Amino acid sequence: MRTAELRFSTQGETDVLDITAQVQGVVEEVGVGEGQVLVFVRGSTAAISTMEFEPGGVHDLQQMVERLIPARGDYEHNRLNHDSNSHAHQRATLVGPSETLPVIGGRLALGTWQQLVLLDFDDRPRERTVIVQLAS
């Protein structure tokens, strides 16, 4: 098993970053031909997923999470902690902190229009650490 860490600067407010190339770079650097890659983001207000990363898809995703878990909701976390990001915690819980992908022929086994993305739901810019673990 091999582990690498990637760092990303995010803008918060449901910022969506395509991290496919960076994760593929780790796969190539480690030299795994066949196996699995686990991609995990540290923190309770960010998530990892796959999607078609294009402006319309990003916009639609941002609108969907706002409808499901509004930023201006009535949240106990915010009251108890004198905070403003409960929506970010809830969104991250809904999407989840990790994805596991197959590696076939040294490549992430993603579909033609499928990219690996980091989603930052916090209400401010952040520095995020993404852990990449490869098993062959």
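Right above here is the structure, for reference.
The paragraphs below set out a description of the structure included in this document. (Residues numbered from 1 in each chain as written. Predicted model: local features only at pLDDT ≥ 70, side-chain atom pairs only at ≥ 80, totals over all residues. Heavy atoms only, no water.)

### Quick look at the overall build of the protein
Link 1 in the chain: Broken down by element type, the protein carries 4 helices and 8 strands.
Link 2 in the chain: For the protein, the succession of helices and strands along the chain, N to C, is β-β-α-β-β-α-α-α-β-β-β-β.
Link 3 in the chain: The C-alpha radius of gyration of the protein comes to 16 Å, within 12% of the 14 Å expected for a compact globule of 136 residues.
Link 4 in the chain: For the protein, the spread of C-alpha atoms along the principal axes amounts to about 50 × 30 × 20 Å.
Link 5 in the chain: Among the 136 residues that make up the protein, the fraction classed as buried is 42%.
Link 6 in the chain: A total of about 7,500 Å² of accessible surface is found on the protein, and carbon and sulfur atoms cover 50% of it. (Helix = DSSP H or I, 4+ residues; strand = E, 2+ residues; numbered from the N terminus. Rg over C-alpha atoms; globule rule 2.2 N^0.38 Å. Buried < 20%, exposed > 50% of the residue type's maximum accessible area, 1.4 Å probe, protein only. Areas by Shrake-Rupley, 256 points an atom, 1.4 Å probe, with all protein chains shown as cover.)

### Looking at the sheet that holds strand 7 (residues 115–120)
Two orientations exist for strands paired in a sheet by backbone hydrogen bonds: parallel and antiparallel.
Link 1 in the chain: Read from one edge of the open sheet, 3 strands run 2-7-4, paired in antiparallel fashion. The strands lining the two open edges of the sheet, one partner per strand, are strand 2 (15–18) and strand 4 (46–51). When strand polarity is set aside, the average angle formed by the axes of neighbouring strands in this sheet is 30°.
Link 2 in the chain: With 6 bridges joining them, strand 4 and strand 7 adopt antiparallel strand pairing. Across the sheet, the residue bridging to isoleucine 48 is leucine 118, located in strand 7. (Pairing = 2+ DSSP bridges. Axes fitted to C-alpha atoms, helices over the stretch in contact; angles between N-to-C directions.)

### With respect to the sheet that holds strand 1 (residues 2–10)
Link 1 in the chain: Across the sheet, which stays open at both edges, the 5 strands sit in the order 1-8-3-5-6 with antiparallel pairing between neighbours. If you trace the sheet from one side to the other, it starts and ends with strand 1 and strand 6 (107–108), each paired once.

### What to know about the nonpolar core
For soluble globular proteins, nonpolar side chains are generally found buried alongside one another.
Link 1 in the chain: Counting residues in each nonpolar core, the largest one holds 21 residues, and the members touching the most others are Ile19, Val23, Val37, Val39, Ile48, Leu118 and Val130.
Link 2 in the chain: Mapped by element, the contributors of at least two residues to this core are strand 1, helix 1 (20–30), strand 3 (35–41), strand 4, strand 5 (98–104), strand 7 and strand 8 (126–135).
Link 3 in the chain: In contact with valine 39, other than residues within four places in its own chain, are Ile19, Val23, Ile48, Pro97, Ser98, Glu99, Leu116, Val130 and Ile131.
Link 4 in the chain: If you look at the next biggest cluster of nonpolar residues, it comprises 11 residues, including Val58, Val65, Ala88 and Ala92. (Core = buried A, V, L, I, M, F, W, Y, C linked by side-chain atoms within 4.5 Å. Contact = heavy atoms within 4.5 Å.)

### A word on unusual backbone geometry
Link 1 in the chain: One non-glycine residue, glutamate 13, lies in positive phi territory at about 55°.
Link 2 in the chain: Within the secondary structure, glutamate 13 is located in the loop between strand 1 and strand 2.

### Some words on a nonpolar patch on the surface
Link 1 in the chain: On the surface, a cluster of nonpolar side chains totalling about 300 Å² of accessible area is made up of Met64, Leu68 and Leu94.
Link 2 in the chain: By the secondary structure assignment, leucine 94 is in helix 4 (residues 86–95). (Patch = residues over 30% accessible without salt bridge, like charges linked within 9 Å, V, L, I, M, F, W, Y side chains within 5 Å. Salt bridge = Lys/Arg side-chain N within 4 Å of Asp/Glu carboxyl O.)

### Considerations on the side chain of threonine 129
Link 1 in the chain: Relative to the assigned elements, threonine 129 resides in strand 8.
Link 2 in the chain: Not counting residues within four places of it along the chain, the set of residues in contact with threonine 129 comprises Glu5, Leu6, Arg7, Phe40, Val41 and Arg42.

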